[in-house]
Amino acid sequence: MAQHSLEVIVENSPGVLARVAGLFSRRAYNIERLSVGPTSNPETSKMEIVVNLEGHALEQVIAQLDKLINVISIKEIVPNAAKAIVHDTQPDYQN
Amino acid sequence: MSQMNGASSLVASLEAAGVDVMFGIPGGAILPAYDPIFSSSIRHILVRHEQGAGHAATGYAQVTGRVGVCIATSGPGATNLVTPLADAAMDSVPVVAITGQVPSVAIGTDAFQEADIRGITMPFAKHNYLVTDPADIPRAIAEAFHIASTGRPGPVLVDIAKDALQKLTEFNYPNSVSLKGYQPKLSADAQSILDAAALIAASSKPVFYVGGGVIKANASRELLELAQLLGAPVVTTLMARGAFPDSHPLHLGMPGMHGTVAAVTALQKADLLITLGARFDDRVTGKLSSFAVNAKVIHADVDPAEIGKNRFVDVPVLGDLKFTIAALIPALKVALAKNRPDLTPWLRQMNSLKAAYPLGYDTPKDGSLSPQYVIERLGKISGPDTIFASGVGQHQMWASQFISYENPRTWLNSGGLGTMGYAVPAAMGAKVGAPDTTVWAIDGDGCFQMTNQELTTCALNNIPIKVAIINNESLGMVRQWQTLFYEGRYSNTSLESKRIPNFPMLAEAMGCVGLSCDRPEDVDATIEKAMSINNQPVVVDFRVNRDAMVWPMVAAGTSNDEIMIARETAPDWDSQEL
Ligand SMILES: Cc1ncc(C[n+]2csc(CCOP(=O)(O)OP(=O)(O)O)c2C)c(N)n1
Ligand SMILES: [Mg+2]
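Residues numbered from 1 in each chain as written. Chains lettered and ligands numbered in written order. Predicted model: local features only at pLDDT ≥ 70, side-chain atom pairs only at ≥ 80, totals over all residues. Heavy atoms only, no water.

### Structural notes on the overall build of chain A
Note the threshold: By definition, any uninterrupted DSSP run of H or I lasting at least four residues is a helix, any uninterrupted run of E lasting at least two residues is a strand, and each is numbered from the N terminus. Buried means the residue's accessible area, taken with a 1.4 Å probe over protein chains only, is under 20% of the maximum for its type, while exposed means over 50%, and partly exposed covers the values in between. Residue contacts follow a heavy-atom distance rule, with two residues in contact if any of their heavy atoms lie within 4.5 Å. Per-residue accessibility takes into account occlusion by the displayed protein chains alone, with areas from the Shrake-Rupley method and a 1.4 Å probe.
Looking only at helices and strands, chain A features two helices and five strands. In chain A, the succession of α and β elements from N to C terminus is β-α-β-β-α-β-β. Expressed as a percentage of the 95 residues in chain A, the buried residues total 42%. Within chain A, contacts between residues separated by at least 24 positions form 67% of all contacts whose residues are at least 6 apart in sequence. Surface accessibility of chain A: about 4,800 Å² in total, with carbon and sulfur atoms responsible for 53%.

Structure, rendered in structure tokens:
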């Protein structure tokens, strides 16, 4: 299965890492790798999440992640592709 | 802007959010808030257990469509809210919970009555906050109400450190809320509506699979118009009872584990599921791989993560159902004008199933009271304007099956979490939200013993609900599974509740009128007696036959095709043309 990397911009608020990690654990999705770092905007952080999922399962992860109120946008970095797929999370991929 | 402490800012924020009632219990960490509550216009109802506060907020919200509010102290007060908040999450109910937290300097030290309620509720709450700066209180409250009540509704918790309630702050309630990561979509894309209309006009065996989302979206009237326009059969899930009138000829009843043969079969044999605010729950689909195998799926919902979660979807329609259905009606008219499939053979098949396999029950030979009969009479005598709130178990399934629901927001139950103890406090909240409506709790003898203490709250606060205990002296639903799947080995399901407790006496002790009935010929008079008492809560102990079972049944994990109408009895499929 191909590894997919998600670039997730989140609000820099307390507990946001726990929310994301908790979502993966509760929905029984495996995280291959996770890193968190700052962005140029002090109010947001960037998470890079690598998962071993594709197709429908990957779509579900993205949809569930996007439901977190503190998640602002999700970009999928496709392996071996020059361009990233930007998930149309604004505004219609929201709940 | 004016200077006040955080507690006053909290109460002023709740008033600004339009709160008229809240249910709660004070304690150390939340105590500062109870001082301004004392002089607030908001009615505070002092419950006897925080679980009751949470379910009452839920019942209030389900009946009114407004946000229900509950409030508790830190530690055990907050953890007692966990069950009702998880319940509200599973059933998409807009609830805001306010909890006190230990002072901010003590957070993380295992201080007295400290519990990380934000962490505890994180997996299921729609969102939650820990507020340690009093200046953040108004914004947190405004956001909490916005998040709870928009999109797919759900519970939001605001945990506030005690020192944030005590410190001075400016009160400044935001005029509007804007959240970068949360913009629920209201109206569906025009293309998805057109695609849905085209697919409907191309199908000859469509069925409306209606879930609780239709009630949440206040879209019952639109649904009626759409269903009549197409003339296709309708099924309403446990959460959607009342979304479409039970008396309507197109209604086939409830699908799922204890659904009608017609409703279950309609889903199984359909060539198109027009799914409106439902989520393909396992209690509806049975074994997923054999569910509606020949059906295409239109899935309209406000929550994008539900669309395609359990079942592949051909046409996703993302948006608020009120807008979606309203847009679908004219689009479908256009599509049907071009091509109108003949649904007559399909309707004839379904109506023949409906006629051949109506819901029914055996009357006990020993002259004892049948639980289904009691519930049927309750529905008939009290009528379609009544609000019914049920517990969880056999009585819940019978209350869903044998009462005719004609209006949305008249049937409240714990569908997703299946929370025993829901009925009495939810009925209390419902009665507060609809004081002029008759509210009956239909409860099990097991469930009733979990939360009946809120009858004291009802008696003291002039909340005259009525409770029908369907006393089969057992954890009946579990006992039914033991009968069917564990060779009748009744391990720990006998409650002996015809002996202890004495329910009418217990009711009287809590300031209610207690009645009892164990003969079929007394049922009507007992119900009428209960209906005539409106200045006090009433509890009726209906002492029923313990061996009655819920049918039809699709055993857990099996295919809907394996539906049984009685023990070891499948429908006579050969006599049906399907
Ligand atoms: C809090 C909780 N604990 C346990 C269960 C499991 N359970 C489901 S139905 C049921 C029996 C309910 O008994 P009763 O209230 O008497 O209703 P009956 O089935 O007899 O009508 C039990 C124990 C549950 N749903 N909720
Ligand atoms: Mg029982």
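From this point, the narrative continues.
### Details of helix α11 (residues 220-230) of chain B
Residues and elements named next belong to chain B. Among the residues of α11, those classed as buried are Ser220, Glu222, Leu223, Leu226, Ala227, Leu229 and Leu230. Where α11 is buried, its residues contact α9 (190-201), β9 (206-210), α10 (213-216), β10 (234-236), β12 (272-276) and α14 (321-338). Downstream of α11 by one or two residues, Gly231 has phi in the positive range, about 70°.

### A few points about the site of ligand 1
Residue and element names in this part refer to chain B. The line we're drawing: Whether a residue is near a molecule or strand depends on its heavy atoms: if one lies within 4 Å, it is near. Polar contact is the term for a pair of N or O atoms within 3.5 Å; when the atoms are in protein, one must be able to donate a hydrogen and the other to accept it, and sequence-neighboring residues count only if both atoms are side-chain atoms. Three categories are distinguished: nonpolar for Ala, Val, Leu, Ile, Met, Phe, Trp, Tyr, Cys and Pro, charged for Asp, Glu, Lys and Arg, and polar for the others, with Gly belonging to the last.
Looking at ligand 1, there are 16 residues lining it, with Gln394, His395, Asp445, Cys447 and Gly476 nearest. Here a nitrogen atom of ligand 1 sits 3.4 Å away from a polar atom, N or O, in the main chain of Met420. Compared with its free state, where it exposes 580 Å², ligand 1 has 75% of that area covered by protein. Counted by class, the shell around ligand 1 contains six nonpolar, nine polar and one charged residues.

### A few points about the interface of chain B and chain A
The following threshold applies: Values labelled buried area give the accessible surface lost by two parts on being combined, using a 1.4 Å probe and summing over both. One speaks of a salt bridge when a side-chain nitrogen belonging to Lys or Arg is within 4 Å of a carboxyl oxygen belonging to Asp or Glu.
Contact residues are listed per partner, giving 23 residues for chain B and 24 residues for chain A. Roughly 2,000 Å² of surface becomes buried between chain B and chain A when both sides are summed, with 51% attributable to carbon and sulfur atoms. Linking chain B with chain A are one salt bridge, by the criterion used here. Across the pair Lys67 of chain A and Asp303 of chain B runs a salt bridge, and its minimum N-O distance is 2.6 Å.

### Some details on the sheet that holds strand β11 (residues 251-253) of chain B
Residue and element names in this part refer to chain B. Worth spelling out the cut-off: Any two strands with at least two DSSP-identified bridges between them are counted as paired. Orientation is described by axes fitted as lines to C-alpha atoms, over the contacting stretch for helices, and by angles from 0 to 180 degrees between their N-to-C directions.
On the basis of which strands lie adjacent, the open sheet formed by six strands has the order β11-β10-β9-β12-β13-β14 and parallel pairing. Strands with a single pairing partner mark the edges of an open sheet, and in this sheet they are β11 and β14 (315-318). Between one strand and the next, the sheet's axes are offset by a mean angle of 20°, whatever the strand orientation.

### A look at the UniProt feature "domain: Thiamine pyrophosphate enzyme TPP-binding" (unreviewed entry) in chain B
Quick reminder of the rule: UniProt positions are given in the numbering used here, feature names are shortened, and annotations may be inferred rather than shown by experiment.
Per the UniProt record, "domain: Thiamine pyrophosphate enzyme TPP-binding" (unreviewed entry) is found at residues 391-542 of chain B. Across residues 391-542 of chain B, the secondary structure splits into 40% helix and 16% strand, with the terminal C-alpha atoms separated by 15 Å.

### Quick notes on the confidence of the model for chain B
The test is simple: Along the chain, pLDDT gives the predictor's confidence residue by residue, from 0 to 100.
Across chain B, the average pLDDT comes to 98, with 100% of residues at or above 70. Taken together, the chains of this predicted complex give a pTM of 0.97 and an interface ipTM of 0.92.

### A look at the pairing of strand β3 (residues 44-51) of chain A
Residues and elements named next belong to chain A. The element β3 is largely enclosed, with a buried count of six among its eight residues. Note: strand β1 (residues 4-11) against β3, eight bridges, orientation antiparallel. Residue pairing across strands places Val10 opposite Ser45, the latter belonging to β3. Relative to β3, strand β2 (residues 33-38) is paired through six bridges, and the arrangement is antiparallel. Across the sheet, the residue bridging to Val36 is Met47, located in β3. The antiparallel hairpin formed by β2 and β3 contains five residues in its connecting segment.

### A short note on the side chain of Asp541 of chain B
Residues and elements named next belong to chain B. Here Asp541 lies in strand β20 (residues 538-543). Residue classification places Asp541 among the buried positions, given a relative accessible area of 1%. Here the side chain of Asp541 touches Asn471 through a polar contact of 3.1 Å, side chain to side chain. Once you skip the residues sitting within four places of it in the chain, Asp541 turns out to touch Ile469, Asn471, Phe503, Pro504, Leu515, Ser516 and Cys517.

### Some thoughts on the UniProt feature "domain: Thiamine pyrophosphate enzyme N-terminal TPP-binding" (unreviewed entry) in chain B
If you check UniProt for "domain: Thiamine pyrophosphate enzyme N-terminal TPP-binding" (unreviewed entry), the listed places come out as residues 4-117 of chain B in our numbering. Segment residues 4-117 of chain B splits into 42% helix and 19% strand. End C-alpha atoms: 26 Å apart.

### Regarding the domain arrangement of chain B
Residue and element names in this part refer to chain B. For clarity, the cut-off: The domain limits used here are those given by an automatic or database domain assignment.
Once the domains are mapped, chain B shows domain 1 (3-170), domain 2 (190-356) and domain 3 (371-543). Here the C-alpha centre of domain 3 lies 29 Å away from the C-alpha centre of domain 1. Across the boundary between the two partners, domain 1 contributes 25 residues, which contact 28 residues of domain 3. Summed over both partners, the interface of domain 1 with domain 3 buries about 2,000 Å², with 63% contributed by carbon and sulfur atoms.

### What to know about the nonpolar core
All names here are of chain B. The condition that has to hold: Side-chain atoms within 4.5 Å link the members of a nonpolar core, which is a set of buried Ala, Val, Leu, Ile, Met, Phe, Trp, Tyr and Cys residues.
Ranked by size, the top nonpolar core spans 49 residues in total, and within it Phe23, Phe448, Leu455, Ile465, Val467 and Val539 carry the most contacts. Top element by residues in this core is helix α18 (residues 423-433). It accounts for seven residues. Shared between two domains, this core holds at least three residues of each, these being domain 1 (3-170) and domain 3 (371-543). The residues contacting Phe448, other than those within four sequence positions of it, are Val424, Asp443, Leu455, Val467, Ile469, Phe503, Leu506 and Val539.

### Topic: the coordination of the magnesium ion (ligand 2)
Residue and element names in this part refer to chain B. The criterion, for reference: Metal donors: N, O and S atoms at distances within 2.8 Å, or within 3.2 Å for Na, K and Ca, with water omitted from the atom set so that some sites may seem incomplete.
Protein-derived coordination of the magnesium ion (ligand 2) comes from Asp445 (OD), Asn472 (OD1) and Ser474 (O), at a distance range of 2.0 to 2.2 Å. Coordination of the magnesium ion (ligand 2) draws on donor residues from a single chain, spaced D-x26-N-x1-S in sequence. Taken as a pair, Asp445 in helix α19 (residues 445-451) and Ser474 in the loop between β18 (466-471) and α21 (476-485) lie far apart in primary sequence, 29 residues in all. Using a relative accessible area of 2% as the deciding quantity, one classes Ser474 as buried.

### What about the pairing of strand β5 (residues 95-101) of chain B?
Residues and elements named next belong to chain B. Among the seven residues in β5, seven count as buried, and that is most of the element. By the alternation rule, side chains of β5 split into Val95, Ala97, Thr99 and Gln101 and Val96, Ile98 and Gly100, which are all buried. Looking at chain direction, strand β4 (residues 68-72) and β5 are connected through five bridges and run parallel. Paired with Cys70 across the bridge in β5 is Ala97. Sheet topology note: the β5/strand β7 (residues 155-161) ladder contains seven bridges and is parallel. By the bridge assignment, Ala97 is partnered in β7 with Leu157.

### Some points on a nonpolar patch on the surface
Rules: Distance thresholds for patches are 9 Å for like charges and 5 Å for nonpolar side chains (Val, Leu, Ile, Met, Phe, Trp, Tyr), applied to residues having over 30% relative accessible area and no salt bridge.
Among the surface-exposed residues, Leu17, Leu34 and Val36 of chain A lie close enough to one another that they form a single nonpolar patch of about 230 Å² accessible area. Within the secondary structure, Val36 of chain A sits in strand β2.

### Regarding the sheet that holds strand β2 (residues 21-24) of chain B
Residue and element names in this part refer to chain B. One open sheet accounts for six strands, arranged β3-β2-β4-β5-β7-β6; its pairing is parallel. The open sheet is flanked by β3 (43-46) and β6 (127-131), the only strands paired with a single partner. Strand-to-strand twist across the sheet, computed as the mean angle between neighbouring axes with direction ignored, equals 20°. Sheet topology places β2 next to β3; four bridges connect them, and they run parallel. Within the sheet, the bridge partner assigned to Phe23 lies in β3 and is Ile45.

### Re the side chain of Asn452 of chain B
As for its position among the elements, Asn452 of chain B is in the loop between α19 and α20 (454-460). Leave out the neighbours within four places in its chain, and Asn452 of chain B touches Val424, Leu506 and Met510 of chain B.

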